[in-house]
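# Structural characterization, general
Take a look at the letters that make up each chain.
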Amino acid sequence: MAEANIAKEEGKEIIVCNGVNKWFGDLHVLKDVSLTVKKGEVLVILGPSGSGKSTFIRTINGLEEVQKGDIVIDGINLSHDIKDIEAIRKETGMVFQQFNLFPHMTILKNITLAPIWVRKKPKAEAEKIALELLERVGIPEQADKYPGQLSGGQQQRVAIARALAMQPEIMLFDEPTSALDPEMIKEVLDVMKELARSGMTMLCVTHEMGFAREVADRIVLFDEGEIIETGTPEELFDNPKHDRTKLFLSQIL
Amino acid sequence: MNTNLNTDQSLEKTIEPPKSSLGVFGWLKKNLFSNWYNSILTIISVIALFYIVKGVFSFVFISAQWSVISENYRLFMVGQYTKAEIWRVWSCLGVVSLLFGLSAGIWKGTARHMSVLLSVILLIHMLVPFTSGTAKMWLGINIGIVVFGYFLAPFIPKNKIITIAGWFLSFPFTIFLLNGFGVFSTVKTNVWGGLLLTLLISVVAIVVSFPIGILLALGRTSNLPIVKYFCIAYIEIIRGVPLITVFFMAQLMIPLFLPEGLEINNVLRVMIGATLFTAAYMAENVRGGLQSIPSGQFEAAKAIGLNGPQAMTFIIMPQALRAIIPAIVGQSISMFKDTSLVAIVGLIDLLGIAQTVISNPDFLGRQMEVYMYIALLYWVIAYSMSYASRRMEKSLGVGER
Ligand SMILES: Nc1ncnc2c1ncn2[C@@H]1O[C@H](COP(=O)(O)OP(=O)(O)OP(=O)(O)O)[C@@H](O)[C@H]1O
Ligand SMILES: [Mg+2]
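Definitions and limits used
Residues numbered from 1 in each chain as written. Chains lettered and ligands numbered in written order. Predicted model: local features only at pLDDT ≥ 70, side-chain atom pairs only at ≥ 80, totals over all residues. Heavy atoms only, no water. Phe/Tyr/Trp six-rings, centres within 6.5 Å; stacked < 30°, edge-to-face > 60°. Buried < 20%, exposed > 50% of the residue type's maximum accessible area, 1.4 Å probe, protein only. Lys NZ or Arg CZ within 6 Å of the ring centre and 35° of its normal. Domains from an automatic or database assignment. Pairing = 2+ DSSP bridges. Helix = DSSP H or I, 4+ residues; strand = E, 2+ residues; numbered from the N terminus. Axes fitted to C-alpha atoms, helices over the stretch in contact; angles between N-to-C directions. Near = heavy atom within 4 Å. Polar contact = N/O pair within 3.5 Å; in protein donor to acceptor, adjacent residues only side chain to side chain. Areas by Shrake-Rupley, 256 points an atom, 1.4 Å probe, with all protein chains shown as cover. Nonpolar A, V, L, I, M, F, W, Y, C, P; charged D, E, K, R; others polar. Contact = heavy atoms within 4.5 Å. Buried area = accessible area lost by both parts, 1.4 Å probe. Salt bridge = Lys/Arg side-chain N within 4 Å of Asp/Glu carboxyl O. Arc of directions from axis to C-beta.

On to the packing of aromatic side chains. Scanning the entire structure with this criterion turns up 18 aromatic pairs over all chains. Both rings, one in phenylalanine 176 of chain B and one in phenylalanine 181 of chain B, keep their centres 6.2 Å apart while their planes meet at 15°; by these two values the pair is stacked. You can call phenylalanine 181 of chain B exposed: its relative accessible area is 53%. Taking NZ or CZ as reference, arginine 162 of chain A lies 4.5 Å from the ring centre of phenylalanine 102 of chain A, over its face. The cationic tip of arginine 239 of chain B hangs over the ring face of tyrosine 281 of chain B; the distance from NZ or CZ to the ring centre is 6.0 Å.

Right under this line is the structure:
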């Protein structure tokens, strides 16, 4: 059923970035980045440290302002108008490297806060959805605990559930497993894989090459604020065209 | 199964950790006489301590004449408050007792400790010989009210909201009842005094300055330059002057801003001064709290779609305030003690009463007793505040990172 839905909308361009430029002071962090993502696509962003991956992914939901260029999300032009930014944030979920759960609230409150106050859902309905999501990410029994009482992997899965609770069209991941101990990385990646299979549009910054190869529809390689190369995992990993891609891959693999 | 358990137990016994106790001499050697200069320090401290304790003891129990306290007890508590109207003070205390009882019944923990403390203080006053028969009756009633509230609380629907609202309404209610405002015969504020006045000024200053402080802190981080610079100027000017000058200004300047004929009384002016003063410090505390929240919290709040005010209300402010409980309570304690400065601008708070009593020829030379007594009063109240804050921090610590 979900697949039929996706098939219908398949090919719809949900993220369109056109000549995006961003400076931090004098530092030119994003240089003419243009990228189009179709609905249901899973995009993995690779690149060396400091290449602007985080900055780019944060421009998609307006956490970073761009100084030049256009970003259109699901038909909404991400201008400087706060109304547009808030509309886009309802459509995009984001998962951070450091989880950023709200430590003073229970897991259930963490997840239901935005649905209740932003989507104006009744509390009972929001809680029902939250429990279903906790079930989906594999930790239904933790609903009444506080974030500090959970392991890193569990916290990150809660963070994913919290983002999903807003029923977003797009999910953004910024190195979701980089702060985790090795034995917890898999449980988070499994949730992300399941999400990808369910047809979610995803942008993931990650260093997990196995994940990229298995799940990504397309891989984008950033270096010094520019997109160096894009392609399917096979094209990029097995037959890289650009020298800098080869260099990067040789360092990381 | 059973035998298994037994072997387990005996096993456990054999691996008990070695006794870490040093014995009396071991402890003495480790903590007091570990080397020659520590030994000298210990001996000097013991001698000094002996003389201090001996002096205090012989004063408190032998040479002090505590009748100066017992004979002026009402003065210390309420100042010159009209004797016939004293029931109003008791009624206000009754409201507070009820609220303490209800809070204890609802939140247990710290609220219960504070209620027990209140009841014990009331009980002590009931048992000492010098309180009058009527006072003993009122004290007894108040203890009863605390207990009543405690057991009543679980049966009230929406008891939390009602109790919190009750705490807030208790301020205007107290002021209204104490003054009368024509509904009852008016008791002019110039006869309000003693501990009553000290508590009124400090509670109003602490409670009202809190929201003002939050607004100032938010204003200081605002994007609007006018708001921002007004808040900065306000905070920095107030923090740059001593409290006593604020009191003098409040006495002299507030009347200048008011239209002809309208007059604000002494006590209210001092309350305004104390509030505005404390607000500047609260603002800086709150700002410190806001800065201690990692930016990731704000980003996460925005990323899930909350707008600025929502992020502030649900995510940032609760964490910031929790982080600064010790600072807020510290501020409150120092405000409570600093109210003693109002004696200089002519109000007869606890310290003012002390000075009045000392200058009464009947009690010549009794200043030691008087100052010791009011010091004890200040200490009991200040210490209760800091005790409550420590407990609150602990119980709110649940779920912290
Ligand atoms: N808030 C900021 N102010 C100034 N410079 C910044 C800021 N955030 C990032 N930068 C700079 O922008 C550049 C790109 O940073 P970004 O975080 O996007 O890199 P990244 O590709 O995500 O790197 P990493 O793999 O280390 O996370 C870096 O040079 C960084 O120092
Ligand atoms: Mg990054």
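Text resumes after the structure shown.
What follows concerns the domain arrangement of chain B. Each assigned domain of chain B is listed with its residue range as follows: domain 1 (22-63), domain 2 (73-81 + 187-401) and domain 3 (83-186). Distance from the C-alpha centre of domain 1 of chain B to the C-alpha centre of domain 2 of chain B: 39 Å.

Glancing now at the sheet that holds strand 6 (residues 92-95) of chain A. All names here are of chain A. The sheet built from six strands is open, its strands ordered 6-7-8-3-9-10 with mixed pairing. Two strands close off the open sheet at either side, each with one partner strand: strand 6 and strand 10 (226-231). If you compare each strand with its neighbour and ignore which way they point, the axes differ by 20° on average. Sheet topology note: the strand 9 (residues 218-223)/strand 10 ladder contains five bridges and is antiparallel. Bridging from a neighbouring strand, isoleucine 219 pairs with glycine 231 of strand 10.

Moving on, we come to the site of ligand 1. Residue and element names in this part refer to chain A. Taken together, Phe24, Leu27, Val29, Pro48, Ser49, Gly50, Ser51, Gly52, Lys53, Ser54, Thr55 and Glu175 are the residues near ligand 1. Within the contact set of ligand 1, an oxygen atom lies 2.7 Å away from a side-chain nitrogen or oxygen of lysine 53. At 2.5 Å, a side-chain N or O of threonine 55 approaches an oxygen atom of ligand 1. Taken by itself ligand 1 offers 630 Å² of open surface, and the protein chains cover 58% of this. At the level of secondary structure, the elements contributing two or more residues to the shell around ligand 1 comprise strand 2 (27-38) and helix 2 (53-60). At three residues, helix 2 tops the list of elements feeding residues into the shell around ligand 1. Counted by class, the shell around ligand 1 contains four nonpolar, six polar and two charged residues.

What follows deals with the side chain of asparagine 100 of chain A. Assignment of secondary structure puts asparagine 100 of chain A in the loop between strand 6 and helix 4 (107-117). Separated by 3.2 Å, the side chain of asparagine 100 of chain A and the backbone oxygen of glycine 296 of chain B make a polar contact. With residues up to four places along the chain from it excluded, the contact list for asparagine 100 of chain A reads Arg162 of chain A together with Gly296, Gln297 and Ala300 of chain B.

Residues and elements named next belong to chain A. With antiparallel pairing, the four strands of this open sheet are ordered in space as 2-1-4-5. A single partner strand is all that each edge strand has here, and the edge strands are strand 2 and strand 5 (76-77). Alignment of strand 4 (residues 68-73) against strand 5, held across two bridges, turns out to be antiparallel. Note that in strand 5 the partner of valine 72 across the bridge is asparagine 77. Helix 2 contacts strand 1 (13-24), strand 2 and strand 4 of the sheet and is inclined by roughly 55° relative to strand 2.

In this section: the interface of chain A and chain B. Facing the 22 residues of chain A at the interface are 21 residues of chain B. Across the chain A/chain B interface, buried area totals approximately 2,000 Å², and carbon plus sulfur atoms make up 65% of it. When the buried surface of chain A facing chain B is broken down by residue, Arg89, Pro103 and His104 of chain A rank first, second and third, together holding 29% of it. Taken together, the links from chain A to chain B amount to one salt bridge. A salt bridge links glutamate 299 of chain B to arginine 58 of chain A, with the shortest nitrogen-to-oxygen separation between them at 2.8 Å. Linking chain A to chain B there are six residue pairs in polar contact (both at pLDDT 80 or more). Listing elements by their share of the side of chain A that touches chain B, those giving two or more residues are helix 3 (82-91), strand 6 and helix 4 of chain A. Broken down by element, the residue count for the side of chain A that touches chain B peaks at three residues, all from helix 4 of chain A.

Buried within helix 3 of chain A are the following residues: Ile85, Ile88 and Arg89 of chain A. Each buried residue of helix 3 of chain A lies within a common arc of 105° when the element is viewed along its axis, so the set occupies one face.

The next point concerns the pattern of salt bridges. Summed over the entire model, instances satisfying the criterion amount to 22 salt bridges over all chains. A salt bridge links lysine 128 of chain A to glutamate 132 of chain A; the shortest N-O distance between them is 3.5 Å. With lysine 128 of chain A and glutamate 132 of chain A both in helix 5 (residues 123-136), this residue pair falls four residues apart, about one helical turn. On the basis of relative accessibility, which here comes to 45%, the residue glutamate 132 of chain A falls in the partly exposed class. Its salt-bridge partner being arginine 287 of chain B, residue glutamate 284 of chain B comes within 3.1 Å of it at the nearest N-O pair. Here the residue glutamate 284 of chain B and the residue arginine 287 of chain B both occupy positions in helix 13 (residues 266-291), the gap between them amounting to three residues, near one helical turn. Judged by its relative accessible area of 24%, arginine 287 of chain B falls in the partly exposed class.

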